[in-house]
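Chain residues, written in single-letter form:
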Amino acid sequence: MTSAVNHFTYGLITPLLAYVMSCIGSMLGLRLTAQAHASRGGARVRWLLGAAISIGGTGIWVMHFVAMMGFEVDGTQIKYDVWLTVASAVVAIVVVGCGLFLVSYGGGRILALLGGGLLTGLGVASMHYLGMYAMNMSAHVSYDRVIVAASVGIAVVAATVALWFTLRVKKTVWITGAALVMGVAVSGMHYTGMYAMHVTVDTDPGIIGGADALDFLVPLMTVISLITLTMLLMVILSPSEEELHEDAELVAKLELRRRTAHNQEQLSYPAPMPRAQPMRARRR
């Protein structure tokens, strides 16, 4: 028989909380990429890695499974394959990281942006459907190919726009607005992909393997969220790109003033008189 699939078991709590987590991860990720653009060498790499964890881990993966807390299928229990679920988190972080590095070191070129967006979007879609495949239940799952294609298209467009934001958005107010837009895009991709899902419950349910969501997903999401909060504190305590630019300008002005004062000091002293040569007595 065809089951009743419910995406909002707890009402609007799970979609709203998922959206908030997506916005928080996106906001922190954009802030970290702005910090990376103001840094060089190893510091730049570390900031980009933090951005990948924030956007891929919290903004995408945690958002996905928070939304899945409200997913329920009448007639069967849902459990999760531990390793596939962990793999989906790794996929999200790695593909976002690859996209960020490609765009960051691509010099702002359009090909780097489009390539990074395509790579990241396909990776995000892969993370979503890998996370869905990690669900174990006594049922047969199928997908509408047209809607799946639409969800992949949304993921690619959302990823490209997100990477474009990392290059252009610098100020806090614009970062906040960009994060709100990214949250809508990620949530839209998730629920579009979920809408493509069709479940038919088995008439003879068997033993379902895997871990319960509360026993496995909640602790894992908590750990990733704590890592995100730690990085948020690091960003708050670190100077922004605008502040670093202002400090550099101040140092340059002070150096120019010091050189000007030094030059004026040299000009204020009269040039030393040449020493008179002693006259030699003439020989007769």
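Procedures and definitions
- Residues numbered from 1 in each chain as written.
- Predicted model: local features only at pLDDT ≥ 70, side-chain atom pairs only at ≥ 80, totals over all residues.
- Heavy atoms only, no water.
- Helix = DSSP H or I, 4+ residues; strand = E, 2+ residues; numbered from the N terminus.
- Buried < 20%, exposed > 50% of the residue type's maximum accessible area, 1.4 Å probe, protein only.
- Contact = heavy atoms within 4.5 Å.
- Areas by Shrake-Rupley, 256 points an atom, 1.4 Å probe, with all protein chains shown as cover.
- Core = buried A, V, L, I, M, F, W, Y, C linked by side-chain atoms within 4.5 Å.
- Patch = residues over 30% accessible without salt bridge, like charges linked within 9 Å, V, L, I, M, F, W, Y side chains within 5 Å.
- Salt bridge = Lys/Arg side-chain N within 4 Å of Asp/Glu carboxyl O.
- Axes fitted to C-alpha atoms, helices over the stretch in contact; angles between N-to-C directions.
- Parallel < 35°, antiparallel > 145°, perpendicular 65-115°, else oblique.
- Left-handed = near helix turned anticlockwise from the far one by under 90°.
- Nonpolar A, V, L, I, M, F, W, Y, C, P; charged D, E, K, R; others polar.
- Phe/Tyr/Trp six-rings, centres within 6.5 Å; stacked < 30°, edge-to-face > 60°.
- Lys NZ or Arg CZ within 6 Å of the ring centre and 35° of its normal.

1. Considerations on the overall build of the protein chain
Item 1. Helix and strand counts for the protein chain stand at eight helices and six strands.
Item 2. Starting at the N terminus and walking to the C terminus, you meet the elements of the protein chain as β-α-α-β-β-α-α-β-β-α-α-β-α-α.
Item 3. The proportion of buried residues among the 284 residues of the protein chain is 44%.
Item 4. Across the protein chain, the fraction of contacts at a sequence separation of at least 24, relative to all contacts at a separation of at least 6, is 89%.
Item 5. Accessible area of the protein chain: about 16,400 Å², with a carbon and sulfur share of 67%.

2. What to know about the nonpolar core
Item 1. In this structure, Trp-61, Tyr-80, Met-135 and Leu-217 are the most contacted members of the largest nonpolar core, which totals 53 residues.
Item 2. For this core, the secondary-structure elements that each account for two or more residues are helix H1 (13-37), helix H2 (42-68), helix H3 (82-104), helix H4 (110-133), helix H5 (145-168), helix H6 (172-195), strand E6 (197-201) and helix H7 (213-237).
Item 3. If one sorts the elements of this core by residue count, H2 sits on top with 13 residues.
Item 4. When neighbours within four sequence positions are excluded, Leu-217 is seen to be in contact with Trp-61, Phe-65, Met-69, Tyr-80, Thr-85 and Asp-212.
Item 5. Counting seven residues, the second-largest nonpolar core is a separate cluster that includes Leu-30, Phe-165, Ala-178 and Met-182.

3. Focus: the environment of Ile-208
Item 1. Within the secondary structure, Ile-208 is located in the loop between E6 and H7.
Item 2. For Ile-208 and Lys-79, which are 129 residues apart along the polypeptide, the C-alpha to C-alpha distance reads 7.1 Å.
Item 3. Setting aside residues up to four positions removed in sequence, Ile-208 forms contacts with Thr-76, Gln-77, Lys-79, Asn-136, Met-137 and Ser-138.

4. Concerning a nonpolar patch on the surface
Item 1. A cluster of nonpolar residues, Leu-17, Val-20 and Ile-24, forms a patch on the protein surface that exposes about 230 Å² of accessible area.
Item 2. Topologically, Leu-17 is positioned in helix H1.

5. Some words on the packing of H2 against H6
Item 1. Where H2 meets H6, the closest approach of the two axes is 10 Å, and the angle between their N-to-C directions is 45°. Taken as axis vectors, H2 and H6 run oblique relative to one another. Where H2 crosses over H6, the two elements pack in a sense that is right-handed. Packed against H2, whose contacting residues are Gly-59, Ile-60, Met-63, His-64, Ala-67 and Met-68, the element H6 presents Val-186, Ser-187, His-190, Tyr-191 and Met-194 at the interface.
Item 2. When grouped by side-chain class, the residues that make up the contact of H2 with H6 number seven nonpolar, four polar and no charged.

6. Quick look at the packing of aromatic side chains
Item 1. Summed over the entire model, instances satisfying the criterion amount to six aromatic pairs.
Item 2. A ring pair is formed by Phe-65 and Tyr-80, whose centres lie 5.9 Å apart and whose planes are at 75°; its orientation type is edge-to-face. Placement of Phe-65 in helix H2 and of Tyr-80 in strand E3 (residues 79-80) is noted, with a sequence separation of 15 residues between them. The same class applies to Phe-65 as to Tyr-80, namely buried.
Item 3. Ring centres of Tyr-129 and Tyr-143 lie 5.6 Å apart, and the angle between their planes is 85°; on these two criteria the pair is classed as edge-to-face. One end of the pair, Tyr-129, is in helix H4; the other, Tyr-143, is in strand E5 (residues 139-143), and 14 residues separate them in sequence.
Item 4. Tyr-129 sits in the buried class, given a relative accessible area of 18%.
Item 5. Judged by relative accessible area, Tyr-143 falls into the partly exposed class, the value being 30%.
Item 6. One aromatic cluster in this structure is built from Trp-61, Phe-65 and Tyr-80.
Item 7. A cation over an aromatic ring shows up here: Arg-44 above the ring of Tyr-105, its NZ or CZ 4.6 Å from the ring centre.

These figures come from the coordinates and say nothing about function on their own.
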